[in-house]
Amino acid sequence: MTLEEFCSTPHIEVPGLTPHRSVFDRHLEPLSLYRGIQFRMTFMLTAMHMLRQEDLMCVLPRKVVSLINQTHNKSVYELPFEIPPLRVKMACSPAFSDCDFYDWLLPHMARI
């Protein structure tokens, strides 16, 4: 898929929990390119239903796509550009410093 095809295809956006522009849109803006966002969905399941009904595109994490394709055979395309690694911060309460679950969870979260 070319960058032009990516931008000209109607998109569904599932913004997530942050009101900020997506990493995709931040990449496209300096090139004066914009995704054709037709719908903004609060819930990913609603977006998945719309993808079955319409000729739309939705940018999703690879793990989500692999789960979806176990039950719905959808076309999958690589992004036509590289995105920088995302930086994620974690904060843990000292109240849980002796919690076995946290000891197990934190290395797994850091690996993701």
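This part is about the side chain of His11. Of note, His11 is situated in strand E1 (residues 10–13). Judged by relative accessible area, which is 0%, His11 ranks as buried.

If you walk through the whole model with that rule in mind, you get 0 disulfides. Not engaged in a disulfide, the cysteine Cys7 finds its nearest cysteine sulfur in Cys58; these two sulfurs lie 15 Å apart. Looking at Cys7, the relative accessible area reads 11%, which means it is buried.

This part is about the sheet that holds strand E2 (residues 36–40). In space, the 3 strands of this open sheet follow the order E2-E1-E3, with parallel pairing throughout. On the outer flanks of this sheet lie E2 and strand E3 (57–58), each paired with one strand and no other. Sheet topology places E1 next to E2; 4 bridges connect them, and they run parallel. Directly across from Pro10, in E2, lies its bridge partner Gly36. Contacting E1, E2 and E3, helix H3 (residues 44–53) runs over the sheet at an angle of about 160° to E1.

Quick notes on the rules
- Residues numbered from 1 in each chain as written.
- Predicted model: local features only at pLDDT ≥ 70, side-chain atom pairs only at ≥ 80, totals over all residues.
- Heavy atoms only, no water.
- Helix = DSSP H or I, 4+ residues; strand = E, 2+ residues; numbered from the N terminus.
- Buried < 20%, exposed > 50% of the residue type's maximum accessible area, 1.4 Å probe, protein only.
- Disulfide = S-S within 2.5 Å.
- Pairing = 2+ DSSP bridges.
- Contact = heavy atoms within 4.5 Å.
- Axes fitted to C-alpha atoms, helices over the stretch in contact; angles between N-to-C directions.

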